Amino acid sequence: MDLPLSQFGLKPLLLSDKPFIDNILNTVDSILSSYTFTTHYIWRDIFQFYWGIIDNYFCLFAVYGDYIYMPIPPSIIPTLQIEKLGWGQGEFQNSLPFKGRVRVGMGLFPDEHYAQTISKLFSIMHRINNNPAVSRIENIDESMKEAFLSMGYNLNAGEPEYVYLREELVTLKGNPFKSKRAMYNYFVKNYTYSFVEFQSAHVEECMRLFERWKKDRGRKPNDDLFLYQALLEDASYSHKQAITNYESLSLTGRVVQIDERIEGYTFGFRRGDVFYILMEITNPEIKGLSQFIFRELCRELSDYTFINTLGDSGLTNLRNAKLSYRPYKVVPGYIAYPFS
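Given the structure is predicted, the values throughout are model-derived calculations rather than measurements. (Residues numbered from 1 in each chain as written. Predicted model: local features only at pLDDT ≥ 70, side-chain atom pairs only at ≥ 80, totals over all residues. Heavy atoms only, no water.)

## Remarks on the confidence of the model for the protein
- Here the protein averages 87 in pLDDT, while 85% of its residues score no lower than 70.
- Low confidence marks residues 80-110, where pLDDT is under 50. Its contacts with residues over four positions away, or in another chain, come to 64 contacts. (pLDDT = per-residue confidence, 0-100. Contact = heavy atoms within 4.5 Å.)

Rendered as structure tokens:
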């Protein structure tokens, strides 16, 4: 990108930024997975991420090709958080004074200033984007929908996320889960396996499994074949980032081994009483393995009420698969555009 983002006080997203950013995003009252450092960082080979503090708000930008957008709305940084983390006042020279605060979904923030900040952020994006129509703010929580509408922005539906009651995924009770139980039981009865914690020694074998899985999936008929193949290519980068940086990203990882060979892996992370399943890959030729690894991970997560399996990438087959597990809630997200 020719225009240096440093002139807007933005700097590249680094792995060392995780504690600071997660401490901010953990205060956001949303179940959407985008309010975590990890879900953005693993895409760093495809997107360039930049962040900064603008008007006392944490602002994250994603650069793709020659355009820029915001993957999440700006989040307030409370004064106590600033002091606790030891940030100097020099980082906040453009800050507006705090006045009356209101609760609007994503925490306490000065509402009259929030609208000004949103306008400022769109101005930054417009200055960079050759086509201002691509300037946008994604993953707006449902509780913020009316606030953005009242500020005069056009909202489109974004990618929803699928949230389940963990207990239902473990027990699989009732007729709706009959086929899931059958597949799980088939795997348990027909294979000698181990379900173990991921270790750094598993990295290369997991990546080889991903490549086999990608090749197999790319050959299968799919209503969204062109999109699906493009997503498969992109996913290889995110899986590599997650697998190689699993410890620094505080990921929980499990693998299934059959005959001392890794045939499945899954990774996720925790936030509050929600566990987010970031990725799951299994050998498609092994009947029941997908149902097994999903159920066993959920069984281990006894401290959590909810399981969020993230979105469906707009793929019909993936959406149907996630709906087949009877989600407790399909959580919407919205994308804000300025009216043209």
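Having seen the model, we can carry on.
## Thoughts on helix α10 (residues 289-300)
- If you check α10, its first and last C-alpha atoms are 17 Å apart, about what 12 residues at 1.5 Å a residue would give, namely 16 Å.
- Here α10 lies mainly inside the structure; 9 of its 12 residues are buried.
- Listed in full, the buried residues belonging to α10 are Leu289, Gln291, Phe292, Ile293, Phe294, Arg295, Glu296, Leu297 and Cys298. (Helix = DSSP H or I, 4+ residues; strand = E, 2+ residues; numbered from the N terminus. Expected span 1.5 Å × (residues − 1). Buried < 20%, exposed > 50% of the residue type's maximum accessible area, 1.4 Å probe, protein only.)

## Section: the environment of Glu168
- Topologically, Glu168 is positioned in helix α6 (residues 166-171).
- Look past the residues within four positions of Glu168 in its chain and what remains in contact with it is Phe177 and Arg326.

## Description of the packing of aromatic side chains
- Taken as a whole and assessed by the stated rule, the structure comprises 26 aromatic pairs.
- Arranged with centres 5.6 Å apart and planes meeting at 40°, the rings of Phe20 and Trp51 form a pair that is tilted. In this pair, Phe20 is assigned in helix α1 (residues 18-25) and Trp51 in strand β2 (residues 48-54), connecting sequence segments 31 residues apart. Exposure class is identical for Phe20 and Trp51. Each is buried.
- Considering the side-chain rings of Phe37 and Tyr41, the 5.3 Å spacing of their centres and the 20° angle between planes classify their relative orientation as stacked.
- Residue class for Phe37 comes out buried when judged on its relative accessible area of 2%.
- Ring-pair connections join several aromatic residues into one group, and the members of that group are Tyr184, Phe187, Tyr191, Tyr193, Phe195 and Phe292.
- The ring of Tyr69 has Arg136 sitting right over it, with the charged end atom 4.1 Å from the ring centre.
- For Arg295, the ring lying beneath its charged end belongs to Tyr184, and the centroid distance is 4.4 Å. (Phe/Tyr/Trp six-rings, centres within 6.5 Å; stacked < 30°, edge-to-face > 60°. Lys NZ or Arg CZ within 6 Å of the ring centre and 35° of its normal.)

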